Amino acid sequence: MACQPRLSGRWQWVKTKNRIEDLAIFGAKPAFEEPLHVGRPNIGRRESFLERVNAILDRRWLTNNGPCVQQFEHAVAKFLGVRHCVAVCNATIALELAIRALQMKGEVIVPSFTFIATAHALQWQGITPVFSDVVPSTHGIDPRRVEELITPRTTGIIGVHLWGKPCAVEALADIAHRRGLALMFDAAHAFGCSHQGRMIGNFGRAEVFSFHATKFLNTLEGGAITTNDDELAVAIRLMKNFGFAGQDKVVCLGTNGKMNEISAAMALTGFESMDAFVEHNRRNYRQYMEELEGLPGLHIFPYDESEKCNYQYVVLEVDDTASPLSRDELMTALRAENVLARRYFYPGCHRMEPYASLFPDAGAHLPETEKLTRRVLVLPTGTSVGTREIRLVCHIVRLALTHSTLVRKRICEQIRLGL
Ligand SMILES: Cc1ncc(COP(=O)(O)O)c(C=O)c1O
């Protein structure tokens, strides 16, 4: 199943990357011939997928609630133990649909430390996203800040289970209940994860998953809304299909949020290999933990292994008050080696447009978010990354840290020369 990226030269050669001049930023050959990506897709059994695609072509039922979509929705609902799963074309549309079905308007409180789609899904519908700070230990929205941000215009809260780690579900539910607000979750990263033994997908009024190519389970592009609220599920089903309640009968405003059959075939195929994906990701996560342990200022974001988790993200935090290299310097050294580690969610939604212009002072109220956007570096993992690659990535990190003064000098020089 795994398609491993090729290392430069022979593995033996890697062992000689021990001196400072062996680092690619000093002109040496990059460690990886081909880029090592953060989120190369997890692909299940190709033959299963192709069999399904052939059946779809034979049926000529390509979209409009086809049998693969229906099967996928049932499989997800059963897997999560939730009453309803509505499959859609991507998670951004899923967020928009859930927000509209929950009748959110005015202001809605969201974290700024998230993918931009969480905020855009509100702003797109004329709703103001009000950015809250996050808790450093979970990277999730801080309920104490949420409470302070509520105004007479607030109608809802959207928590995000970043990296698949559950945010403060109970505290947020309590606030929503006391203050009469709608609560939903952006669970784009959290398919297959649990909170206190209950699968993510069951919390709040609705939860939204992404099945984008980079996600743990992918449908090429895709998403889903899950809910235990029967009426909400009916409303979302209508809205995702233009408001059609039968042929020639449109009963509400709607859009085109349908998932197609090929996407659902990909999902069903991925579903069959999910345990293997988790196992592979968990192995990678543990290896990074072990190999980077004890390096000053470096800290891998920990998952609670007593819960279900997809381990899809290996998140390194670089505290430059303790680390000899900053996050960006480390990233530059890695990228020179073709290790495409990525800053996430840099620079924070509040520093991207249109929000930077709308709320120019937001950063002053988001100290933890600002800190995380300077610290977080997501490392390559997934089923196309294995033991050897991780060993080499960690080796490069250690080598760069050992020679931090010269590495920093070299990077400054490159910047000065515009390289
Ligand atoms: C937290 C979060 N929310 C929403 C989305 C949007 O998902 P999609 O690409 O399926 O629209 C993403 C995508 O990466 C995400 O990371």
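Everything in this summary refers to the structure shown in the same document.

**Observations regarding the packing of helix α4 (residues 91-101) against helix α8 (residues 230-240)**
Item 1. The N-to-C vectors of α4 and α8 enclose an angle of 125°; their axes lie 10 Å apart at closest approach. Of the possible angle classes, the one that applies to α4 and α8 is oblique. Pair α4 / α8 crosses with right-handed handedness. Within the contact between the two elements, α4 uses Leu97, Ala98, Arg100 and Ala101 and α8 uses Leu232, Ile236, Met239 and Lys240.
Item 2. Here the contact of α4 with α8 is built from residues that sort into 6 nonpolar, no polar and 2 charged.

**Brief notes about the sheet that holds strand β11 (residues 314-318)**
Item 1. Reading across the sheet, the 3 strands line up as β10-β11-β12 and stay open at both edges, with antiparallel pairing between neighbours. The open sheet has two edge strands with one neighbour each: β10 (298-300) and β12 (376-379). The mean inter-strand angle of the sheet, taken between neighbouring strand axes irrespective of direction, is 30°.
Item 2. Examined bridge by bridge, β11 and β12 share 4 bridges and lie antiparallel to one another. Bridging from a neighbouring strand, valine 315 pairs with valine 378 of β12.
Item 3. Relative to the sheet, helix α10 (residues 274-292) contacts β10, β11 and β12, its axis offset from that of β10 by approximately 160°.
Item 4. Helix-sheet contacts for helix α11 (residues 327-336) involve β10, β11 and β12, and the interaxial angle to β12 is about 25°.

**Observations concerning the pairing of strand β1 (residues 84-88)**
Item 1. Within β1, 4 of the 5 residues are buried, which leaves the element mostly enclosed by the surrounding structure.
Item 2. Examined bridge by bridge, β1 and strand β9 (residues 223-227) share 5 bridges and lie antiparallel to one another. Pairing of cysteine 85 across the sheet is with threonine 226, part of β9.

**Observations concerning the environment of leucine 379**
Item 1. Looking at the element boundaries, leucine 379 is found in strand β12.
Item 2. When its relative accessible area of 1% is taken as the criterion, leucine 379 is described as buried.
Item 3. The spatial distance from the C-alpha of leucine 379 to the C-alpha of alanine 173 is 33 Å, given a sequence separation of 206 residues.

Calculation criteria
- Residues numbered from 1 in each chain as written.
- Predicted model: local features only at pLDDT ≥ 70, side-chain atom pairs only at ≥ 80, totals over all residues.
- Heavy atoms only, no water.
- Axes fitted to C-alpha atoms, helices over the stretch in contact; angles between N-to-C directions.
- Helix = DSSP H or I, 4+ residues; strand = E, 2+ residues; numbered from the N terminus.
- Parallel < 35°, antiparallel > 145°, perpendicular 65-115°, else oblique.
- Left-handed = near helix turned anticlockwise from the far one by under 90°.
- Contact = heavy atoms within 4.5 Å.
- Nonpolar A, V, L, I, M, F, W, Y, C, P; charged D, E, K, R; others polar.
- Pairing = 2+ DSSP bridges.
- Buried < 20%, exposed > 50% of the residue type's maximum accessible area, 1.4 Å probe, protein only.

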